[in-house]
Amino acid sequence: LCFLLAVGFTVVIYVDDRDRPAEPVPLAVDVGLGGLCCLGVWLRRRWPVGFAVTAIAFSFLSSAAGGIAFIALLTVAVRRRPAVVGAVTVAAALVCTATVLAGLDTSMPWWQAALSIVFFATVAAWGMFIRARRQLTQSLRERAERSESDRIVQARQHERLRIAREMHDVLAHRISLVSL
């Protein structure tokens, strides 16, 4: 799904960009970096931070890689601790700002760059929420399994105690019969 989302975003960017005047970055470089980022989506679970850093670096020159950087940031936020997420989010915000200041993305006014930074922060927060929710669900599942196993152990102990009492009563009755 993320791969299709990345490809769809790339296609939308290029269809939207075809009426623009000449860009500082050649179209072949932009398409190549966007395509590499689309293929890199397949590696995002194995190396989330490496993929995010690469996508963010590519987004300096490729407008399609900027959209894929959101997917990469979400993956980092879901799979890594908050300190790493914060560092990657700051890097994404700096690259977005540097792209606008360097004039590499002439179609993006400053307010859209600021909005992109807000979107990066929102995606990071959403990913950290997903991570916290998964951790909570996992801990509740482990707790329920532990409770179930404790309940089974306790039931076995009660059954053994009941059998021991019954055997004691039977043995005491037989010994009293023998003594009579």
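The shown structure was predicted, so the numbers you read here are calculated from the model rather than taken from an experiment.

Undergrad: Looking at this structure, I do not really get a positive patch on the surface. What am I missing?
TA: Where like charges cluster on the molecular surface, the positive patch consists of Arg45, Arg79, Arg80 and Arg134. Along the chain, the position of Arg45 falls in the loop between helix H2 (27–40) and helix H3 (48–58). Residue class for Arg45 comes out exposed when judged on its relative accessible area of 54%.

Undergrad: Explain helix H4 (residues 63–79) to me, please; I cannot follow it from the model alone.
TA: Residues three or four positions apart in an α-helix share a direction because the helix packs 3.6 residues into each turn. Counted at 1.5 Å a residue, the expected span for H4 with its 17 residues is 24 Å, and the 25 Å between its end C-alpha atoms agrees. Among the 17 residues of H4, 13 are classified as buried, and the element is accordingly described as predominantly covered.

Undergrad: Just to check I follow, could you spell out the nonpolar core for this structure?
TA: Nonpolar side chains in soluble globular proteins generally cluster together in the buried interior. Ranked by internal contacts, the top residues of the largest apolar core, which has 24 residues, are Ile56, Ile68, Leu73, Val76, Val88 and Phe120. Mapped onto this core, the elements with two or more residues apiece are H2, H3, H4, helix H5 (82–102) and helix H6 (110–179). Considering each element in turn, this core owes the most residues, 7 residues, to H4. With residues up to four places along the chain from it excluded, the contact list for Val88 reads Ala52, Ile56, Leu73 and Val76.

Undergrad: Help me understand the packing of H4 against H5, please; the structure alone is not making it clear to me.
TA: Axis separation between H4 and H5 bottoms out at 8 Å; the angle between their running directions is 165°. As far as their axial angle goes, H5 and H4 are roughly antiparallel. Considering how the two elements wind past one another, H4 and H5 form a crossing that is left-handed. Across the interface between the two elements, Leu73, Val76 and Ala77 from H4 touch Val84, Val85, Val88 and Thr89 from H5. The class makeup of the residues in the contact of H4 with H5 is 6 nonpolar, 1 polar and no charged.

Undergrad: How should H3 be read in this particular structure?
TA: Pro48, Phe51, Ala52, Ala55 and Ile56 are the residues of H3 that are buried. In a view along the axis of H3, the buried residues occupy a sector of 130°, so they form one face of it.

Basis of the calculations
- Residues numbered from 1 in each chain as written.
- Predicted model: local features only at pLDDT ≥ 70, side-chain atom pairs only at ≥ 80, totals over all residues.
- Heavy atoms only, no water.
- Patch = residues over 30% accessible without salt bridge, like charges linked within 9 Å, V, L, I, M, F, W, Y side chains within 5 Å.
- Areas by Shrake-Rupley, 256 points an atom, 1.4 Å probe, with all protein chains shown as cover.
- Salt bridge = Lys/Arg side-chain N within 4 Å of Asp/Glu carboxyl O.
- Lys, Arg positive; Asp, Glu negative; His and termini not counted.
- Charge placed at Lys NZ, Arg CZ, Asp CG, Glu CD.
- Helix = DSSP H or I, 4+ residues; strand = E, 2+ residues; numbered from the N terminus.
- Buried < 20%, exposed > 50% of the residue type's maximum accessible area, 1.4 Å probe, protein only.
- Expected span 1.5 Å × (residues − 1).
- Core = buried A, V, L, I, M, F, W, Y, C linked by side-chain atoms within 4.5 Å.
- Contact = heavy atoms within 4.5 Å.
- Axes fitted to C-alpha atoms, helices over the stretch in contact; angles between N-to-C directions.
- Parallel < 35°, antiparallel > 145°, perpendicular 65-115°, else oblique.
- Left-handed = near helix turned anticlockwise from the far one by under 90°.
- Nonpolar A, V, L, I, M, F, W, Y, C, P; charged D, E, K, R; others polar.
- Arc of directions from axis to C-beta.

None of this, on its own, says anything about what the molecule does.
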